Amino acid sequence: MNDKQLRKSVEQQIKRMQRAEKERPTLLAQSVFMGTLSLLFVLPVIVGAYLGNWLDERSDGYSILWTVGLIVAGLVIGIINVYLYVRERH
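These lines cover the structure that appears in this document, whether it is placed above or below.

### Looking at the overall build of the chain
Within the chain, the regular secondary structure consists of three helices and zero strands. When the helices and strands of the chain are read in sequence order from the N terminus, they spell out α-α-α. Expected size for 90 residues packed as a compact globule is a radius of gyration near 12 Å; at 25 Å, the chain overshoots this value by more than 25%. Here the C-alpha coordinates of the chain stretch approximately 85 × 25 × 10 Å along the principal axes. When each of the 90 residues of the chain is scored for burial, the buried share is 12%. Pairs at least 24 residues apart make up 59% of the contacts formed inside the chain by residues separated by at least 6 positions. Both charge centroids of the chain, one from 11 positive and one from 8 negative side chains, sit 18 Å from each other.

### Thoughts on a nonpolar patch on the surface
A contiguous nonpolar surface patch, about 820 Å² in accessible area, is contributed by Y62, I64, V68, V72, V76, I80, Y83 and L84. Tracing the chain through its elements places Y62 in the loop between α2 (27-58) and α3 (65-89). Overall, the relative accessible area of 77% leaves Y62 in the exposed class.

Parameters at a glance
- Each chain carries its own residue numbering, running from 1 in the written order of its sequence.
- Where totals are concerned, whole chains, interfaces and linings use all residues; where local detail is concerned, this predicted model gives features only for residues with pLDDT of at least 70, and gives and counts side-chain atom pairs only at 80 or more.
- For side-chain calculations, the full set of non-hydrogen atoms in the structure is used, while hydrogens and water are omitted.
- Secondary structure elements are taken from DSSP: a helix is a run of H or I of four residues or more, a strand is a run of E of two residues or more, and numbering for both begins at the N terminus.
- The quantity called the radius of gyration is restricted to C-alpha atoms. Its globule counterpart is 2.2 Å times the number of residues to the power 0.38.
- Note on exposure labels: buried denotes an accessible area under 20% of the residue type's maximum, exposed denotes more than 50%, and partly exposed covers the range between, all computed with a 1.4 Å probe on protein chains only.
- Only heavy atoms enter the contact rule, under which two residues are in contact if any of them lie within 4.5 Å.
- Asp and Glu count as negative and Lys and Arg as positive, but His and the ends of the chain are not part of the count.
- In plain terms, the charge of a residue is placed at NZ if it is Lys, CZ if Arg, CG if Asp and CD if Glu.
- By definition, no residue in a patch forms a salt bridge, and every one has over 30% relative accessible area; like charges are joined within 9 Å, nonpolar side chains (Val, Leu, Ile, Met, Phe, Trp, Tyr) within 5 Å.
- Exposure was quantified through the Shrake-Rupley algorithm and a 1.4 Å probe, taking into account, for residues, occlusion by the shown protein chains and nothing else.
- One side-chain nitrogen of Lys or Arg within 4 Å of one carboxyl oxygen of Asp or Glu is enough to make a salt bridge.

Note that all results are geometric; they support no functional claim without further evidence.
What follows is the structure in structure tokens.
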């Protein structure tokens, strides 16, 4: 490797390192990312719990079938939401 090639290689590495330093996520960006993941996961669970409870109150006798079923469905939907969001972002 001659002097010009070495110089060019070092300059490219310096530019790559500077670009990586600029693009590093800040604490605020990481906090927003984690908050978004939390909402994507928790919101379907909460909606499932409330909807299931509402349906159980309308059925005759004591029942938690809808509540449990829709909480589990909310968990599955939340996991899928998080997976798709992370896959899209990275």
